[in-house]
Amino acid sequence: MKKYFSYFRIRFINSLQYRTAACAGIATQFVWGFMEILLFSAFYRENQNIFPMEFSALASYIWLQQAFLAIFMLWFWDKDIFNMISDGNLAYELIRPADVYWLWFTKNTASRISAALLRCFPILIVASLLPEPYGLSLPASPLAFVMFTLTGILSFLSVISLCMIVYAGSVYTISPKGLMAIVSAAAELLSGGLVPIPFMPEWLQRILYFTPFASMQNLPLRIYGGDIAGAQMLYGFLLQIFWLIAMAVFGRLLLSRGLKSAALQGG
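For clarity, every value in this text was computed on a predicted model and none was experimentally measured. (Residues numbered from 1 in each chain as written. Predicted model: local features only at pLDDT ≥ 70, side-chain atom pairs only at ≥ 80, totals over all residues. Heavy atoms only, no water.)

Helix and strand content of the protein: twelve helices and zero strands. Ordered by position from the N terminus, the helices and strands of the protein form the series α-α-α-α-α-α-α-α-α-α-α-α. In terms of overall size, the protein behaves like a compact globule, its C-alpha atoms giving a radius of gyration of 19 Å where 267 residues would be expected to give roughly 18 Å. Taken along its principal axes, the extent of the C-alpha atoms in the protein is 65 × 40 × 35 Å. The proportion of buried residues among the 267 residues of the protein is 50%. Counted over contacts in the protein with a minimum sequence separation of 6, partners at least 24 positions apart contribute 82%. For the protein, the accessible surface area stands at approximately 13600 Å², while carbon and sulfur atoms represent 70% of it. With 17 positive and 12 negative side-chain charges, the protein shows a separation of 13 Å between the mean positions of the two kinds. (Helix = DSSP H or I, 4+ residues; strand = E, 2+ residues; numbered from the N terminus. Rg over C-alpha atoms; globule rule 2.2 N^0.38 Å. Buried < 20%, exposed > 50% of the residue type's maximum accessible area, 1.4 Å probe, protein only. Contact = heavy atoms within 4.5 Å. Areas by Shrake-Rupley, 256 points an atom, 1.4 Å probe, with all protein chains shown as cover. Lys, Arg positive; Asp, Glu negative; His and termini not counted. Charge placed at Lys NZ, Arg CZ, Asp CG, Glu CD.)

Moving on to helix α7 (residues 100-129). Taking 1.5 Å per residue, 30 residues should reach 44 Å; α7 reaches 44 Å between its end C-alpha atoms and fits that length. Most pronounced at C120, the bend in α7 amounts to some 35 degrees, and the proline P122 follows within four residues. Structurally, the start of α7 carries an N-cap: the backbone nitrogen of Y101 is 2.9 Å from a side-chain oxygen of D99. (Expected span 1.5 Å × (residues − 1). Bend = angle between axes of the 7 residues up to and from the residue. Polar contact = N/O pair within 3.5 Å; in protein donor to acceptor, adjacent residues only side chain to side chain.)

The next thing to look at is the pattern of salt bridges. Under the defined criterion, the tally for this structure stands at four salt bridges. The partner of R252 in a salt bridge is D99, and the shortest N-O contact between them spans 2.4 Å. Taken together, the positions of R252 in helix α12 (residues 230-260) and D99 in the loop between α6 (90-94) and α7 put the pair 153 residues apart, joining distant regions of the chain. Residue class for R252 comes out partly exposed when judged on its relative accessible area of 27%. R222 is the salt-bridge partner of D227, the closest N and O atoms lying 2.7 Å from each other. The class of D227 is partly exposed, set by a relative accessible area of 22%. (Salt bridge = Lys/Arg side-chain N within 4 Å of Asp/Glu carboxyl O.)

What follows concerns a nonpolar patch on the surface. On the surface, L234, L238, I241, I245, V249 and L253 cluster together into a nonpolar patch covering about 550 Å² of accessible area. With respect to the helices, strands and loops of the structure, L238 is situated in helix α12. (Patch = residues over 30% accessible without salt bridge, like charges linked within 9 Å, V, L, I, M, F, W, Y side chains within 5 Å.)

On to the packing of helix α5 (residues 79-87) against helix α8 (residues 142-170). As a packed pair, α5 and α8 sit with axes 10 Å apart at the nearest point and diverge in direction by 15 degrees. Between α5 and α8, the angle is such that the two are roughly parallel. Here the hand of the crossing between α5 and α8 comes out right-handed. Only V166, Y167 and S170 of α8 make contact with α5, whose side of the interface consists of I81, F82 and I85. Split by residue class, the contact of α5 with α8 holds five nonpolar, one polar and no charged. (Axes fitted to C-alpha atoms, helices over the stretch in contact; angles between N-to-C directions. Parallel < 35°, antiparallel > 145°, perpendicular 65-115°, else oblique. Left-handed = near helix turned anticlockwise from the far one by under 90°. Nonpolar A, V, L, I, M, F, W, Y, C, P; charged D, E, K, R; others polar.)

What follows deals with the side chain of D78. Here D78 shows up in the loop between α4 (69-72) and α5. A polar side-chain atom of D78 sits 3.0 Å from the main-chain amide nitrogen of D80.

This part takes up the packing of aromatic side chains. Under the defined criterion, the tally for this structure stands at 19 aromatic pairs. Taking 5.7 Å as the distance between ring centres and 65 degrees as the angle between the ring planes, the aromatic pair formed by W77 and F82 counts as edge-to-face. Look at W77 and you get buried, because its relative accessible area is 12%. With a centroid separation of 5.2 Å and 65 degrees between ring planes, the pair formed by F242 and W243 is classed as edge-to-face. For F242, a relative accessible area of 48% corresponds to the partly exposed category. (Phe/Tyr/Trp six-rings, centres within 6.5 Å; stacked < 30°, edge-to-face > 60°.)

In this section: the environment of Q232. Inspection of the secondary structure puts Q232 in helix α12. Accessibility expressed as a relative area gives 41% for Q232, which makes it partly exposed. If near-sequence neighbours (up to four positions away) are discounted, Q232 is found in contact with R222 and D227.

Our next topic: the nonpolar core. Counting residues in each nonpolar core, the largest one holds 66 residues, and the members touching the most others are F68, W77, W104 and L255. Filtering out sequence-adjacent residues up to four positions away, F68 remains in contact with C120, L124 and F148. A144, M147, I223 and L244 belong to the second largest nonpolar core, which has nine residues in total. (Core = buried A, V, L, I, M, F, W, Y, C linked by side-chain atoms within 4.5 Å.)

Structure below.
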């Protein structure tokens, strides 16, 4: 465990150096957040009663999504891992005195947390100062905030676990680009990245609630605004734990099997 913590610290400190990229990301996320809220507000002005979420809850959803983009978005890939697999430098990982799966898991965790810390506070502060209902509202209740925190952590780990499945799957392919594109597009849509899941057709919602995608950003962001509460919140929390364990076990087995038969450049 000590070696993974040391690796986390090294990667975390190294990632904190990219402040210019963080400033550019903050500006981009502000523009994107404002654009989304203004777009939805145009529809809500026509008849807000036909929409499945209150506008204030939707605004909080969007601002939290932008603030923690590095935490919740699957397309935040670690290109070093893909390059390592493609050019044969994976051999260096195999001789390290550590499990490759948990080494990469730790690396992804550190990179995402550092990126989120550099970007989240300016967005949260400005969004909380905006007038209602366009800004970031307070949590629906103290319990909602606690569950938002717990499910947010599990959502973060679930996103990394799904990323690890993609990294493991790339060991079996010549190029990871196709797998990256398919999983990124599917996860962006099905996890509520483009539009919240309640805005999707009911038949699709019923399917998604049994998939790992609904256990990602959808759950914590909707709990914060009070859109998910009570028994539904507990059910989502337990399902989230199930999918996290299932994806971690599957990803670990997939990578272990792939590394045993991997053909590396140079031998």
